[in-house]
Structure formats: C-alpha cells, structure tokens
Amino acid sequence: MGCTSTSNTLPIIDLAPFLDLTSTATARAATAKTIASACLEYGFFYLIGHGIPTSTTDRVISLATEFFQLPKEEKEKIARGDPGGLDGGDGARGYQPLGEQITKGMRDKQEAIDLYREWDCSVERGEKSAGPPYEFLKGPNLWPENPKELKPFYESYVQEQIKVGEALVRAMGMALGLDPASSTAADDDEATADEEVFVKATKNTFWVLRLIGYPALDKPCNADGNVEQYSCGEHSDYGCVTLLLADATPGALQVKLKDGTWMDADPIPGAFVVNIGDMIERWTNGLWQSTRHRVIHRGEGFRVSVPFFYEPDWDAVVQPLQKCIERTGGEDKYGPIKYGDYLLAKAYGNFYNRCQR
Ligand SMILES: N=C(N)NCCCC[C@H](N)C(=O)O
Ligand SMILES: O=C(O)CCC(=O)C(=O)O
Ligand SMILES: [Fe+2]
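Residues numbered from 1 in each chain as written. Chains lettered and ligands numbered in written order. Predicted model: local features only at pLDDT ≥ 70, side-chain atom pairs only at ≥ 80, totals over all residues. Heavy atoms only, no water.

Examining the UniProt feature "domain: Fe2OG dioxygenase" (unreviewed entry) in the protein chain
Rules: UniProt positions are given in the numbering used here, feature names are shortened, and annotations may be inferred rather than shown by experiment. Going along the chain from the N terminus, every DSSP run of H or I of four or more residues is numbered as a helix, and every run of E of two or more is numbered as a strand.
On the UniProt side, "domain: Fe2OG dioxygenase" (unreviewed entry) is annotated at positions that read residues 204-312 here. Helix makes up 6% of residues 204-312 and strand makes up 37%, while its end C-alpha atoms are separated by 7 Å.

What follows is the structure, encoded as structure tokens:
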C-alpha cells in the first residue's frame with residue numbers, strides 16, 4: 001500500500017448537546033444523526049463541543065513531551081516489568097522504549113507509557129498481599145516521577161475524558177436507535193434499553209491512556225511510493241471509542257476508507273480525533289466497523305500523541321444487539337465475548353520481547 005493519501009474530509013461532530021444540561025432534545029437528535037452517518041461511513045470523526053479547554057490539552061501534550069525528552073535511564077525507571085516478577089510491574093503498564101511495541105509482526109517506531117484503570121489487587125487477594133507478583137495487566141500503574149505535575153494533571157484529565165466518553169457513548173446509543181429509513185429527528189430522546197447498552201457496559205470503564213512519542217522515520221517511503229517504515233502499523237482499536245489528542249504535526253495519522261485508500265486525519269485545534277473500536281463493531285454486528293488506521297510520521301520533528309481509550313468494563317459481556325442483527329441480514333456474526341479476555345489477548349500480543357518469549 002502506497003505512502004500517499006488523500007486530503008482531509010472527516011465529519012465534525014458537536015457533542016455539546018449531550019454535555020450541556022440546558023440543551024434541547026432537538027439539538028441532541030441533530031448530533032445523534034451526524035454521529036449515525038459518520039459511524040456508518042467512516043468510523044472516524046472530529047469531536048468538538050467536548051468541554052475540555054485547549055489550556056488542558058496543551059498541557060497534556062507538553063507534559064508528555066517533557067517526559068519523552070528525559071534521559072533514557074530516567075524513563076526506564078518506570079519500564080514495564082515482567083508479569084509474575086517482583087519488580088512491581090504487571091508487564092503491560094509503564095514505559096516501553098523504542099521498538100518494543102509491535103503491530104502485524106513489525107516493530108513500530110515509537111516509545112510509550114501505558115496507563116490503565118487501576119487494578120485493585122486488594123479486593124481479590126486481601127489487603128495484606130496487594131504487592132507483586134502481578135498477573136499481566138492486573139497491577140498498579142507506573143507513573144513517572146518527572147515531570148512532577150504529570151501524575152496529578154493526568155489523573156484529572158482522565159476524569160474529564162471519562163465524562164466525554166460517557167456522553168459520547170450515550171449519543172452513539174441514541175444514534176443507533178434512530179430509524180435509518182426516517183429523515184425526521186426524534187421529538188423526544190427518552191432512552192430505550194438498547195440505547196443505554198453502551199452506557200451500562202462502560203460504568204466502570206477499563207480505560208487506557210497511552211502517551212506516545214514518535215521520532216522522525218529515517219525513510220518512511222521508498223522511491224516507488226511504498227511504505228518502508230511505520231510509526232504504528234495498520235490496526236483497529238479494541239474497545240468502544242478512542243479520543244485522540246495529538247500535537248500539531250501534520251502528515252502522520254491515516255484512516256483507511258471503505259474503498260481501501262488512505263486519508264490523512266491531521267489534527268484540528270481544539271478537536272479530538274475519535275474512532276470506534278472493536279467492541280462497537282461487535283455490538284452493532286458489523287454495521288459500524290472499527291476502522292483501520294496507521295501512523296506514518298512523515299515530518300522531521302518528534303511527534304507526541306496521547307490517545308484516551310474509553311472502553312467497556314473489564315467484565316462486560318459484549319454481543320451483537322438484536323436490532324443490529326436484524327439490520328445486517330439476520331445472522332449473528334460475532335457471538336458473545338468478555339471484554340477483559342479480548343483485551344488480554346490483544347495487549348499480550350503487542351510486545352516484541354519478554355511477554356512473548
Ligand atoms: N492499547 C494499545 N496498545 N493501542 C495501540 C494499538 C496499536 C496496534 C497494536 N500494536 C496492535 O497490533 O493491535
Ligand atoms: O498517534 C496516533 O495518531 C494514533 C495512535 C493509535 O492509533 C493508537 O495508539 O492506537
Ligand atoms: Fe489506534
């Protein structure tokens with residue numbers, strides 16, 4: 001697949017009617033309609049009206065940038081440990097140096113920190129034995145000590161993002177409830193059981209926050225225009241919705257369109273780039289697909305992005321909704337799956353060394 005991509009036409013969705021308590025049912029229905037068509041056509045859109053100020057998102061990016069600029073030894077203080085080891089790691093959380101993350105069997109040119117919803121070991125094992133060893137993914141987060149403000153700032157950013165995720169999946173539930181044959185907006189938005197499915201399944205969201213640093217690629221494309229190196233290979237995300245915050249670098253994230261061509265999804269100031277994950281695809285029986293995307297950072301500088309993944313609860317059982325089965329030919333294409341099991345398999349396969357040996 002070539003290095004070139006077409007220019008930017010992803011839809012822009014305004015979430016404000018779902019966050020502003022004074023908004024009208026008509027305004028919510030209008031947003032839901034735009035979501036329904038964006039999810040059907042692209043599985044990707046820009047999100048505005050989310051209520052998180054640019055002063056916050058700018059700081060999130062600058063703190064991540066500061067971390068990646070630290071010396072290697074400093075960053076490796078929070079290197080993800082081995083699951084089952086006594087170093088305090090669970091194998092998934094913490095810092096991953098360049099080359100540890102793999103996609104489709106190739107090393108991605110990126111370094112990262114993964115943070116997840118805290119796993120409360122004390123509940124399962126009793127307060128006294130809450131320390132290591134941990135099972136894969138089932139441990140405490142490893143937060144950087146430097147920059148000092150990172151942890152408190154990010155903790156409150158996660159809370160703000162959870163609110164956005166909640167409002168967004170509520171809006172998506174409503175969008176799914178719209179009658180595709182009807183062109184008129186619903187006159188009231190009293191939620192039906194189906195419309196609340198995403199909200200209920202994300203009450204204790206097993207969220208992920210990933211800080212990613214992308215060095216410039218040496219040679220992203222060869223003379224024929226084919227891709228030689230990836231910052232992140234082609235993939236879909238695993239859960240409900242990804243709310244991507246990235247620095248201003250253009251020419252990096254690409255979205256795969258239904259015709260197989262790639263389109264740039266360059267950042268728009270103040271907007272998150274949102275995409276739907278595999279669990280939404282399964283709930284909708286493939287009606288809304290978890291669109292594949294990749295990163296080929298074609299610029300010169302160091303690029304930083306901080307995706308927030310708003311996901312189902314660890315224990316949520318995800319299966320196609322009857323209404324969606326009917327709309328997609330009457331056959332259940334996926335069956336039920338527990339989100340935690342799905343995530344374990346995916347996350348385990350993401351690392352080149354240690355976990356895979
Ligand atoms: N939560 C994480 N790590 N999200 C990033 C997904 C990047 C693709 C992944 N290596 C894959 O092959 O699926
Ligand atoms: O950095 C980006 O633009 C996207 C990263 C991404 O797709 C991911 O981490 O899942
Ligand atoms: Fe992704």
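Structural notes on the coordination of the iron ion (ligand 3)
Quick reminder of the rule: Any nitrogen, oxygen or sulfur atom within 2.8 Å of a metal ion counts as a donor, with the limit raised to 3.2 Å for Na, K and Ca, and since water is left out, coordination shells can look unfinished. Exposed residues in this analysis have more than 50% of their type's maximum accessible area, buried residues have under 20%, and partly exposed residues fall in between, with area computed by a 1.4 Å probe over protein chains only.
Here the iron ion (ligand 3) is held by the protein donor atoms His 235 (NE2), Asp 237 (OD) and His 293 (NE2), which lie 2.1 to 2.2 Å from it. Here His 235 falls in the buried class, since its relative accessible area comes to 17%. Classification of Asp 237 as buried rests on a relative accessible area of 6%.

Digging into the packing of aromatic side chains
Heads up, the rule is: Stacked, tilted and edge-to-face are the three classes applied to pairs of Phe, Tyr and Trp rings, where Trp contributes its six-membered ring and a pair requires centres within 6.5 Å; stacked means planes under 30 degrees apart, edge-to-face means over 60, and tilted covers the rest. Only lysine NZ and arginine CZ atoms are considered, and such an atom sits over a ring when it is within 6 Å of the ring centre and within 35 degrees of the ring normal.
Throughout the structure, instances matching the rule amount to 11 aromatic pairs. Seen in terms of ring centroids, Trp 119 and Trp 314 are 4.8 Å apart; in terms of plane orientation they differ by 80°. Their pairing is edge-to-face. Placement of Trp 119 in the loop between β6 (111-116) and α5 (121-125) and of Trp 314 in the loop between β14 (303-310) and β15 (317-318) is noted, with a sequence separation of 195 residues between them. Accessibility classification places Trp 119 together with Trp 314 in one group, the buried group. Aromatic ring contacts, followed pair by pair, group Phe 67, Phe 68, Tyr 95 and Phe 302 into a single cluster. Over the face of the ring belonging to Trp 262 we find Arg 294, whose NZ or CZ atom lies 4.0 Å from the ring centre.

Quick word on the nonpolar core
Which entries qualify depends on this criterion: Think of a nonpolar core as a cluster: buried Ala, Val, Leu, Ile, Met, Phe, Trp, Tyr and Cys residues, connected wherever their side-chain atoms sit within 4.5 Å. Should any heavy atoms of two residues lie within 4.5 Å, those residues are counted as being in contact.
Counting 84 residues, the largest nonpolar core has Leu 47, Tyr 154, Leu 168, Met 172, Trp 283 and Trp 288 as its most contacted members. At 14 residues, helix α6 (residues 150-177) tops the list of elements feeding residues into this core. Here Trp 283 is in contact with Val 197, Phe 198, Ala 201, Cys 240, Pro 312, Val 318, Gln 319, Pro 320, Leu 321 and Cys 324, once residues within four sequence places are set aside. Residues Ile 212, Ala 252, Met 263 and Val 295 belong to the second largest nonpolar core, which totals 15 residues.

Here's the deal with the site of ligand 1
Basically, it comes down to this: Nearness of a residue to a molecule or strand requires only that one of the residue's heavy atoms be within 4 Å of it. Here a polar contact means two N or O atoms within 3.5 Å. Within protein one must be a hydrogen donor candidate and the other an acceptor candidate, and residues neighboring in sequence count only if both atoms are side-chain atoms. Accessibility throughout is a Shrake-Rupley quantity obtained with a 1.4 Å probe, and a residue counts as covered only by protein chains that appear here.
Around ligand 1, the neighbouring residues are Gln 101, Ile 102, Thr 103, Arg 210, Cys 232, His 235, Tyr 238, Phe 309 and Asn 350. At 2.8 Å, a backbone N or O of Ile 102 approaches a nitrogen atom of ligand 1. Note that a nitrogen atom of ligand 1 is positioned 2.8 Å from one of the side-chain N or O atoms of Asn 350. For ligand 1, whose unbound accessible area comes to 370 Å², protein coverage reaches 88%.

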